[in-house]
Amino acid sequence: MLELSSIYLFIATSFILCLVPGPDNIYVLTQGMTKSKKAAFVTTLGLTSGITIHTTAVAFGISVIFQTSEIAFNLVKFAGAAYLLYIAYQAFKYRNVPLDLSIQNSSNELKKLYIKGFIMNVLNPKVSIFFLAFLPQFVTPSNGNIPIQMITLGVIFMTLTIITFSLIGVTGNILSKKLLEKPSIVKYMNILTSFVLGGLAVKLALSSK
């Protein structure tokens, strides 16, 4: 079992980390700004679902591969960067399409957003390495099964991420709601989204372990 003091410290640290600007929360923000609160929430669920893969990988030592193998790290890294560029291209390509919430909030579109979020998170090897360095700091071998302790921390981190990212998406939606009534603003926000995601793709591609 995890110690309460470790859990409290983990929660406080995780909350701060969730607020630090990165590819995931920036993407959620843009979904809230350019689409809807529901779109931002579903995207958040997709992103946090990816955390289960990273947490499991860390718990059972698979992430060590990314830390020790340059080839494995680069393969996943460039795949993630390519996917970000694809999403950026999609945002730019459809920049002139008017916002239609009846379509954006359809089950089919929401499913696509969930899958995009999941793939974005999974294809970022730096997340696995982050968890590999972060989770063990709050684990005590004498307190029992280490993988179970790590998985527990992963679930806590996922819960905090869902809450924090959802608030970020809702905030973005509220701030842009009036602006989105103008078609020209939608166009420019889509262009901004494409450039932001493109920049994040380049940053990921140029990153090192």
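For the structure itself, look to the data block above.
Calculation rules
Residues numbered from 1 in each chain as written. Predicted model: local features only at pLDDT ≥ 70, side-chain atom pairs only at ≥ 80, totals over all residues. Heavy atoms only, no water. Phe/Tyr/Trp six-rings, centres within 6.5 Å; stacked < 30°, edge-to-face > 60°. Helix = DSSP H or I, 4+ residues; strand = E, 2+ residues; numbered from the N terminus. Buried < 20%, exposed > 50% of the residue type's maximum accessible area, 1.4 Å probe, protein only. Patch = residues over 30% accessible without salt bridge, like charges linked within 9 Å, V, L, I, M, F, W, Y side chains within 5 Å. Areas by Shrake-Rupley, 256 points an atom, 1.4 Å probe, with all protein chains shown as cover. Salt bridge = Lys/Arg side-chain N within 4 Å of Asp/Glu carboxyl O.

Colleague: Outline the packing of aromatic side chains, supporting the account with residue identities and numerical values.
Modeller: Applying the stated rule across the entire model yields three aromatic pairs. A ring pair is formed by phenylalanine 10 and phenylalanine 157, whose centres lie 6.5 Å apart and whose planes are at 55°; its orientation type is tilted. Highlighted residues: phenylalanine 10 in helix 1 (residues 4–19) and phenylalanine 157 in helix 9 (residues 146–176), separated in sequence by 147 residues. On the numbers, 5.2 Å between centres and 80° between planes, the contact of phenylalanine 131 with phenylalanine 157 is edge-to-face. Taken together, the positions of phenylalanine 131 in helix 8 (residues 125–134) and phenylalanine 157 in helix 9 put the pair 26 residues apart, joining distant regions of the chain. The pair phenylalanine 131 / phenylalanine 157 is uniform in exposure class, with both members buried. One aromatic cluster in this structure is built from Phe10, Phe131, Phe138 and Phe157.

Colleague: Could you give an account of a nonpolar patch on the surface, naming the residues involved and the relevant values?
Modeller: The grouping of Phe15, Ile16, Leu17, Leu19 and Val20 at the surface amounts to a nonpolar patch, some 430 Å² of accessible area in total. In this fold, leucine 19 is placed in helix 1.

Colleague: Account for the pattern of salt bridges, with residues named and values stated.
Modeller: Scanning the entire structure with this criterion turns up one salt bridge. Of the charged contacts, one joins lysine 112 and glutamate 109 as a salt bridge, the two residues approaching to 3.6 Å between their closest N and O atoms. Placement of both lysine 112 and glutamate 109 in helix 7 (residues 107–122) is noted, with a separation of three residues, approximately one turn of the helix. Relative accessible area serves as the criterion here: at 44%, lysine 112 is assigned to the partly exposed category.

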